Amino acid sequence: MKHSLVSGLLVSTLSVCVAAPVPPDDGKLRIICFGAHPDDCEIQAGGVATMWAAKGHHVKLVSVTNGDIGHWREAGGPLARRRKAEAEHADQILGVTCEVLDIHDGELLPTIENRRLITRLIREWKADIVLSPRPNDYHPDHRYTGVLVQDAAYMVTVPFFCPDTPYLKRNPVFLYYPDSFQKPNAFQPDVAVSIDSVIQKKLEALDALESQFYEGGANGSADSIPSEPAKQRERHNQVRGFFEKRYEDQAKRFRSKLVDFYGQDKANAVRYAEAFEICEYGRHPDSVELKKMFPFFGE
Ligand SMILES: [Zn+2]
């Protein structure tokens, strides 16, 4: 993500990686979201993730790197552990499963080993829906997260690729998060969702990622962290305001897509939104399936 007040990168050590339990086959949707850093999934899909979870669907947010260079003051193992704890706290607020992979921030590459890793994660979750960044992005980790998920999009169905992990008989639908990059092609929304009902919860989750937003992440400074309680509250409000505006801007940017799904009157009243583009790879849902995948439009 382009975090302006913020950052999102990092470099050095190890954090602990514990595999999340696989949810039961209960007919609910199974969604896995990939982000490069322990904040990207929450920023891009925290609203829809908590809306899915509230309906009993199974949602997992995966950070592909451990975020260990994403701060101006600290780095390495201690930062990776701190960011893992922050992501777990944020995801607990959202009611979703959290996993942070132990790959150094700023060093992600689209290797065969990582292709296998992402393929196995999608298969283990038995995902119906996979979310990821697009592969054109300013940040190499975002870019290669997009490439790795694209590289897995077909391989998840191939029995003798990673034969240790049962392949998926039905290809998931792959969706991209929005960004503002234009070259070689701009993000084109296929679905837009009102997150008005969960905006406070989403802002609370983002507030829990303190190292990144409150403290300013990789491009912050000591000036970001006031010592007086009144100024600290002001700083928290500044972070909330930044994100409120971001999702307001998305509602404006994707208004015509909101109209497609909610109708003109309801769409005009939407204040905060998230949007997604269907990847050319993976299964292509028709509009009926898309409404089943995002069961929020009649509310
Ligand atoms: Zn990031």
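Here is a short report on the structure shown in this document. Here the structure is a predicted model, which is why all the values come from computation and not from measurement.

Inspection of the secondary structure assignment puts Asp68 in the loop between strand E2 (58–63) and helix H2 (76–94). On the basis of relative accessibility, which here comes to 0%, the residue Asp68 falls in the buried class. Here the side chain of Asp68 touches His104 through a polar contact of 2.7 Å, side chain to side chain.

What follows is about the coordination of the zinc ion. Around the zinc ion, the protein contributes the donor atoms His37 (ND1), Asp40 (OD), Asp40 (OD) and His142 (NE2), at 2.1 to 2.5 Å from the metal centre. Note that the zinc ion binds 4 donor atoms; their angles at the metal cover 54 to 140°, and the shape is irregular. One chain supplies every donor to the zinc ion, and in sequence these donors are spaced H-x2-D-x101-H. Taken together, the residues His37 in the loop between strand E1 (30–35) and helix H1 (40–54) and His142 in helix H4 (residues 140–155) connect sequence positions 105 residues apart. As far as the burial class goes, His37 and His142 line up, both buried.

The next point concerns the pairing of strand E3 (residues 97–100). Regular strands show a simple pattern: their side chains alternate between the two faces of the sheet. Pairing of E2 with E3 involves 4 bridges; the strand directions are parallel. Note that in E3 the partner of Ser63 across the bridge is Val100. As for the winding sense of the linkage, the β-α-β connection from E2 through H2 to E3 is right-handed.

Two residues of an α-helix separated by three or four positions point the same way, owing to the 3.6 residues in each turn. Compared with an ideal rise of 1.5 Å per residue, which puts 19 residues at 27 Å, H2 spans 27 Å between its outermost C-alpha atoms and is within 8% of the ideal. Every buried residue of H2 is listed here: Gly76, Gly77, Leu79, Ala80, Arg83, Lys84, Glu86, Ala87, Ala90, Asp91, Ile93 and Leu94. Elements that come into contact with the buried residues of H2 comprise H1, E2, E3 and helix H5 (199–207). Immediately downstream of H2, the backbone of Gly95 shows phi near 80°, a positive value.

This brings us to unusual backbone geometry. Cis geometry is found at the peptide bond from Lys183 to Pro184, where omega equals 0°. Within the secondary structure, Pro184 is located in the loop between strand E5 (173–176) and strand E6 (191–194). Phi at Lys126 takes a positive value of approximately 50°, unusual for a residue other than glycine. Following the sequence through the fold, Lys126 ends up in the loop between helix H3 (112–124) and strand E4 (129–132). Of the residues examined, Lys126 reaches a relative accessible area of 38% and is grouped as partly exposed. Notably, Cys162 is not glycine yet its phi reads approximately 50°, a positive angle. Within the secondary structure, Cys162 sits in the loop between H4 and E5.

Criteria and cut-off values
Residues numbered from 1 in each chain as written. Predicted model: local features only at pLDDT ≥ 70, side-chain atom pairs only at ≥ 80, totals over all residues. Heavy atoms only, no water. Helix = DSSP H or I, 4+ residues; strand = E, 2+ residues; numbered from the N terminus. Buried < 20%, exposed > 50% of the residue type's maximum accessible area, 1.4 Å probe, protein only. Polar contact = N/O pair within 3.5 Å; in protein donor to acceptor, adjacent residues only side chain to side chain. Donors = N, O, S within 2.8 Å, 3.2 Å for Na, K, Ca; no water. Tetrahedral: all angles 85-135°; square planar, octahedral: opposite > 155°, others 65-115°. Pairing = 2+ DSSP bridges. Right-handed = clockwise from strand over helix to strand, strands pointing away. Expected span 1.5 Å × (residues − 1). Contact = heavy atoms within 4.5 Å.

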